[in-house]
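The lines below spell out each chain.
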Amino acid sequence: MDDLVFYEVVIEKREDDAYLITGNIRHFPKRDFIVTPAEMMAIIEKNK
């Protein structure tokens, strides 16, 4: 429940292609915009 605020923020900012980056991925539902730090680095590298 402590992480709910972060999930709510990313849901509000999805039109801006926002991501939720977390080391505790199991605390959140399985969604394509909730990623680990390593996954985010791969996304950044892909979009260069």
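The coordinates are above.
Residues numbered from 1 in each chain as written. Predicted model: local features only at pLDDT ≥ 70, side-chain atom pairs only at ≥ 80, totals over all residues. Heavy atoms only, no water.

Peer 1: Give me the overall build of the protein chain: which residues, what numbers.
Peer 2: The helix and strand tally for the protein chain stands at two helices and two strands. For the protein chain, the N- to C-terminal ordering of α and β elements is α-β-β-α. When its C-alpha atoms are laid out on the principal axes, the protein chain stretches across 35 × 20 × 15 Å. Here the contacts in the protein chain between residues at least 6 apart in sequence split such that 15% fall between residues at least 24 apart. Entry remark: accessible area of the protein chain is about 4,000 Å², with carbon and sulfur atoms responsible for 55%. When the 7 positive and 10 negative side-chain charges of the protein chain are each reduced to one mean point, those points stand 6 Å apart. (Helix = DSSP H or I, 4+ residues; strand = E, 2+ residues; numbered from the N terminus. Contact = heavy atoms within 4.5 Å. Areas by Shrake-Rupley, 256 points an atom, 1.4 Å probe, with all protein chains shown as cover. Lys, Arg positive; Asp, Glu negative; His and termini not counted. Charge placed at Lys NZ, Arg CZ, Asp CG, Glu CD.)

Peer 1: Tell me what's going on with the environment of Lys13, and back it up with residues and numbers.
Peer 2: Along the chain, Lys13 turns up in the loop between helix H1 (4-12) and strand S1 (20-21). According to the relative accessible area criterion, Lys13 is partly exposed, its value standing at 39%. (Buried < 20%, exposed > 50% of the residue type's maximum accessible area, 1.4 Å probe, protein only.)

Peer 1: Before we move on, could you go through the nonpolar core and cite the residues and values that matter?
Peer 2: Ranked by size, the top nonpolar core spans seven residues in total: Tyr7, Val10, Ala18, Leu20, Phe28, Phe33 and Ile34. Excluding residues within four positions of it along the chain, Ala18 makes contact with Val10, Lys13 and Phe33. (Core = buried A, V, L, I, M, F, W, Y, C linked by side-chain atoms within 4.5 Å.)

Peer 1: How would you summarise unusual backbone geometry if you had to cite specific residues and measurements?
Peer 2: Of note, the phi angle at Asp17 is positive, near 60°, even though the residue is not glycine. Along the polypeptide, Asp17 turns up in the loop between H1 and S1. Judged by relative accessible area, Asp17 falls into the exposed class, the value being 57%.

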